[in-house]
Amino acid sequence: MEIQQLHQLFLTSNGICTDNRVVKENEIFFALRGENFNGNTFAKKALENGALQVIIDDKNVTSELDSTHYILVDDVLKTLQELARYHRNYLNIPIIGLTGSNGKTTTKELIYAVISQSYKTIATIGNLNNHIGVPLTLLRMTEETEIGIVEMGANHQKEIEFLCTIAQPNLGYITNFGKAHLEGFGGVEGVIKGKSELYTYLKQNNQTVITNLDDSKQNELTINSKRFTFGQNNNPADVLVTLKNIQPFLEIEYDYLNIKSNLIGIYNFNNIASAICIGTYFKVPKKLIKKGIESYVPSNNRSQLIQIKTNKIILDAYNANPSSMEAVLHNLSKQNSSHNYLILGDMFELGDEAWKEHLFIINLVKSLQFKDALFVGGNFYKHKSNFKEFKFFKEYKDLEEYINLNLPEKRTILVKGSRGMALERILKIL
């Protein structure tokens, strides 16, 4: 079947599903393969659950399927990606592409909160930002959609380049370049090169870059691109934004309007400012930009401020890398240090840099004069003998036992670590 024919079938369906357990009536089931599963083996079940058609790439399962309800292709994943690319061109709407080392998802949610005030908008759900998530995001868009926001994640070179060929963004923003996925990218310079594939695509296709002029690296890399800019103070920026207050939440001034966010940490300033900038680019009225920013409340373990008994918890446990860890520690150090209490978990995907980067964070905690710090995970634990003033736990269960016996009171507690550490578990004890 040609991709045009598959697209016509898609338009008559209720959408795409890749999980037979949740397939809905009249959806098309794509039988994707993974390291530990073969979606083809669930094709029959998907049809029984109401799927309109199943897309498969394994001839061995055809004998158990009605020939009118399956489409055999060479590669299900490639077919999904090709369908998404075709659908994106069919809709021909503005697509905002977003990537970066830190703050992608928060920034995406803020942009959505602003843009959706004036436009029918579809954005990436959660962090479905890879070679499967990006196609699924595009295929959620309909003829009613006016603007799409596509988050793009990567941990190797050429991934952003590939995702751009599917999403074909008209506008792009990179939040920052940080020490994330160093193992896959091959160091910080590799991160810059990999993430900048978005800039390259936009420039080659005469599309617009959103640039933070306060970031010298971003300015340098986009100086010869068509761009729309933001910055603080007297920057020659298209959109001027000013940080007014950081306690307890960020307040920003934009075009003589005071915007009070629900976000903590100065590291979220650029996330908010970029959303204001993109809203301005799309001519969202400034009062609606303010409404959008002020309506956004963080969730999913990202920069959440939670009061539990006598403690104020800063839950930022969705993920971590050296750059985001450094930013949040510097921010917290500006507050009353005698009340601060740290629970920090290992940072993953650092490769050969893991030893050095975990040592750097411990030394930073020491130099910022935090008195109460608990480190959990094998990478932090390797440095235990050199820092007698802090507590180290190799396993999460050891941390849990300690907290149970030594519950902190009247503290500001930062909980941060990589996703694999799942440090949000500690909330049930706190």
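None of these values were measured; they are calculated from a predicted model.

**As for the domain arrangement of the protein**
For step 1, the next point in the chain: The domain architecture assigned to the protein consists of domain 1 (3-75), domain 2 (93-295) and domain 3 (304-428).
For step 2, the next point in the chain: Distance from the C-alpha centre of domain 2 to the C-alpha centre of domain 3: 28 Å.
For step 3, the next point in the chain: At the interface, 16 residues of domain 2 touch 17 residues of domain 3.
For step 4, the next point in the chain: In total, domain 2 and domain 3 occlude about 1,500 Å² of area from one another, counting both sides; carbon and sulfur atoms represent 55% of this.
For step 5, the next point in the chain: The interface formed by domain 2 and domain 3 includes 2 residue pairs in polar contact (both at pLDDT 80 or more).
For step 6, the next point in the chain: Of the residues in the side of domain 2 that touches domain 3, the class split is 6 nonpolar, 8 polar and 2 charged.

**Here we look at the pattern of salt bridges**
For step 1, the next point in the chain: Enumeration over the complete set of coordinates arrives at 16 salt bridges.
For step 2, the next point in the chain: Lys158 is the partner of Glu161 in a salt bridge, and the nearest nitrogen-oxygen pair spans 3.4 Å.
For step 3, the next point in the chain: You can call Glu161 partly exposed: its relative accessible area is 37%.
For step 4, the next point in the chain: Among the ionic pairs, Lys217 bridges to Glu220, the shortest N-O distance being 3.7 Å. In this pair, Lys217 and Glu220 both sit in helix H10 (residues 216-222), 3 residues apart, roughly one turn of the helix.

**Re the pairing of strand E11 (residues 239-245)**
Each regular strand displays side chains that alternate between the two surfaces of the sheet.
For step 1, the next point in the chain: As defined by bridge partners, strand E10 (residues 227-231) adjoins E11 across 2 bridges and the pair is classed as parallel. In the sheet register, Phe230 faces E11, and the bridge partner there is Val239.
For step 2, the next point in the chain: Both E11 and strand E12 (residues 251-254) contribute to a ladder of 4 bridges, which runs antiparallel. Bridged to Asn245 within E12 is Glu251.
For step 3, the next point in the chain: Counted along the chain from E11 to the antiparallel partner E12, the turn is 5 residues long.

**Focus on the UniProt feature "binding site: ATP" (unreviewed entry) in the protein**
For step 1, the next point in the chain: UniProt's feature table lists "binding site: ATP" (unreviewed entry) at Gly100, Ser101, Asn102, Gly103, Lys104, Thr105 and Thr106, given in the numbering used throughout.
For step 2, the next point in the chain: Note on placement: Ser101 falls in the loop between strand E5 (95-99) and helix H4 (104-115).
For step 3, the next point in the chain: Looking at the element boundaries, Gly103 is found in the loop between E5 and H4.
For step 4, the next point in the chain: Overall, the relative accessible area of 30% leaves Gly103 in the partly exposed class.
For step 5, the next point in the chain: Residues in contact with Gly103, not counting those within four places in the same chain, are Thr175 and Asn271.

**As for the UniProt feature "domain: Mur ligase N-terminal catalytic" (unreviewed entry) in the protein**
For step 1, the next point in the chain: Mapped onto the present numbering, the UniProt feature "domain: Mur ligase N-terminal catalytic" (unreviewed entry) falls at residues 15-86.
For step 2, the next point in the chain: Here residues 15-86 is 24% helix and 17% strand, with 15 Å between the C-alpha atoms at its ends.

Parameters and conventions
Residues numbered from 1 in each chain as written. Predicted model: local features only at pLDDT ≥ 70, side-chain atom pairs only at ≥ 80, totals over all residues. Heavy atoms only, no water. Domains from an automatic or database assignment. Contact = heavy atoms within 4.5 Å. Buried area = accessible area lost by both parts, 1.4 Å probe. Polar contact = N/O pair within 3.5 Å; in protein donor to acceptor, adjacent residues only side chain to side chain. Nonpolar A, V, L, I, M, F, W, Y, C, P; charged D, E, K, R; others polar. Salt bridge = Lys/Arg side-chain N within 4 Å of Asp/Glu carboxyl O. Buried < 20%, exposed > 50% of the residue type's maximum accessible area, 1.4 Å probe, protein only. Helix = DSSP H or I, 4+ residues; strand = E, 2+ residues; numbered from the N terminus. Pairing = 2+ DSSP bridges. UniProt positions renumbered as here; feature names shortened; annotations may be inferred.

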